[in-house]
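Summary of the model geometry
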Amino acid sequence: MKLSEWARQQGVSDQTAWRWVMDGKMPVPVRQAPSGTWLVDEVAVQPSECVVAYCRMSTTGQNTGLDRQAVRVVSGANGLGLAVADVVTEVGSGVNGRRRKLHRLLSDPQTAVMVVEYRDRLARFGVEYLDAVPSTCGRRMVVLDPAETADDLVRDITEVLTSLCARLYGRRAAQDCAARAVATGEAAG
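Just so it is clear, the structure is predicted and the values come from calculations on it, not from any experiment. (Residues numbered from 1 in each chain as written. Predicted model: local features only at pLDDT ≥ 70, side-chain atom pairs only at ≥ 80, totals over all residues. Heavy atoms only, no water.)

**Quick look at the confidence of the model for the protein**
The predicted coordinates of low-pLDDT regions are not to be read in fine detail. Put simply, the test is: Every residue gets a pLDDT, meaning the predictor's confidence in that residue, from 0 to 100. Think of it this way: any DSSP run of H or I at least four residues long counts as a helix, any run of E at least two long counts as a strand, and we number them from the N terminus.
Overall, the predicted model of the protein reaches an average pLDDT of 78, with 84% of residues at or above 70. When pLDDT is averaged over each element of the protein, strand 3 (residues 50–57) comes out on top at 89 and helix 7 (residues 152–169) at the bottom at 71.

**Here we look at the sheet that holds strand 5 (residues 111–116)**
The test is simple: Pairing between two strands requires that DSSP report at least two bridges joining them. Axis definition: a line fitted to C-alpha atoms, limited for helices to the stretch in contact. Angles are taken between N-to-C directions and run from 0 to 180 degrees.
Overall, parallel pairing links the four strands, which are arranged 4-3-5-6 in an open sheet. The open sheet has two edge strands with one neighbour each: strand 4 (84–91) and strand 6 (140–143). Strand after strand, the sheet turns through a mean of 25° between neighbouring axes, direction not considered. One ladder, built from four bridges, connects strand 3 with strand 5; its direction is parallel. Within strand 5, the residue paired with A53 across the bridge is V115.

**A short note on helix 1 (residues 3–10)**
Applicable threshold: Only protein chains enter the area calculation, which uses a 1.4 Å probe; residues under 20% of their type maximum are buried, those over 50% are exposed, and those in between are partly exposed. Here, the arc refers to the directions that run from the helix axis to the C-beta atoms. Whether two residues are in contact is decided by their heavy atoms, any of which lying within 4.5 Å being enough.
Looking only at helix 1, the buried set comprises L3, W6, A7 and Q10. Each buried residue of helix 1 lies within a common arc of 100° when the element is viewed along its axis, so the set occupies one face. Check the buried side of helix 1 and you find it contacts helix 2 (14–23), strand 2 (38–40) and strand 4. G11, located one to two residues past helix 1, shows a positive phi value of around 80°.

**What about the pairing of strand 3?**
Burial within strand 3 is extensive, with eight of its eight residues counted as buried. Examined bridge by bridge, strand 3 and strand 4 share seven bridges and lie parallel to one another. Following the sheet pairing, Y54 is matched in strand 4 by V88.

**As for helix 2**
Turning to helix 2, its buried residues are T16, A17, W20 and V21. The buried side chains of helix 2 occupy one side of the element, clustering within an arc of 140° when seen end-on. Once helix 2 finishes, G24 follows within two positions and takes phi at roughly 75°, a positive value.

**Some details on the pattern of salt bridges**
For side chains of opposite charge, pairing can occur when their charged atoms come near one another. Under the convention used in this document: Here a salt bridge means any side-chain nitrogen of Lys or Arg lying within 4 Å of a carboxyl oxygen belonging to Asp or Glu.
Taken as a whole and assessed by the stated rule, the structure comprises two salt bridges. The shortest N-O distance in the salt bridge between D67 and R19 comes to 3.9 Å. Of this pair, D67 sits in helix 3 (residues 63–79) while R19 sits in helix 2, and the two are 48 residues apart along the sequence. A relative accessible area of 39% places R19 in the partly exposed class. Between E117 and R72 there is a salt bridge, with its nearest N and O atoms 2.6 Å apart. With E117 in the loop between strand 5 and helix 5 (119–122) and R72 in helix 3, this residue pair connects regions lying 45 residues apart in the sequence. Look at E117 and you get buried, because its relative accessible area is 7%. Residue classification places R72 among the partly exposed residues on the basis of a relative accessible area of 39%.

**Points about the environment of P146**
With respect to the helices, strands and loops of the structure, P146 is situated in the loop between strand 6 and helix 7. Linking P146 and E117, residues 29 residues apart in sequence, is a C-alpha distance of 8.7 Å.

**Things to note about the packing of helix 1 against helix 2**
Quick note on the threshold: Between 65 and 115 degrees an angle is taken as roughly perpendicular, under 35 as roughly parallel, over 145 as roughly antiparallel, and anywhere else as oblique. Here a crossing is called left-handed whenever its near helix is offset anticlockwise from the far helix by less than a right angle, and right-handed whenever the offset is clockwise. Put simply, Ala, Val, Leu, Ile, Met, Phe, Trp, Tyr, Cys and Pro go in the nonpolar bin, Asp, Glu, Lys and Arg in the charged bin, and everything else, Gly too, in the polar bin.
Running from N to C, helix 1 and helix 2 point in directions that differ by 115°, and their axes come no closer than 8 Å. By the angle class used here, helix 1 and helix 2 are roughly perpendicular. The crossing of helix 1 and helix 2 is right-handed. Side by side, helix 1 and helix 2 meet where L3, S4, W6, A7 and R8 of the first sit next to D14, A17, W18, W20 and V21 of the second. In the contact of helix 1 with helix 2, the residues fall into seven nonpolar, one polar and two charged.

Next up, the structure:
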């Protein structure tokens, strides 16, 4: 298929896909026809196993990071033998539940596998519930980097503190404030 068709199917702009080709970052095989047209050689997705990559960033200022995250998630899924049928990108807080694209994705019975880079890209809290509900219908969630969940208690405390600090001090200083509070608690203990 043409590169522009593939880009529309993946939810990225034609320019982004072309940039990925020029930088050698395409998650699927691509070749240039003698006419100069770029063609994508993608593995066909089986209809019974619709794989969707979900990528989220907190603020609109991170849009370039969102494109890079999409490339990493699609590449990671392909590395696991999962052919990604769609990439869903969203800008929104991981703390609250006001993310329309995630709601639509979770309620879509056609989505058999949802791939995320880190568990906190899905949500800051309650990822276990988001994972358990689709599994009752034979669907599953794949986290590409599960090593980031090594110390659950510290992670949970940091997430709660980040959320509370964001409400008190604003989003910019929240992570620094939470890190200082955790460091103070570790030093005292």
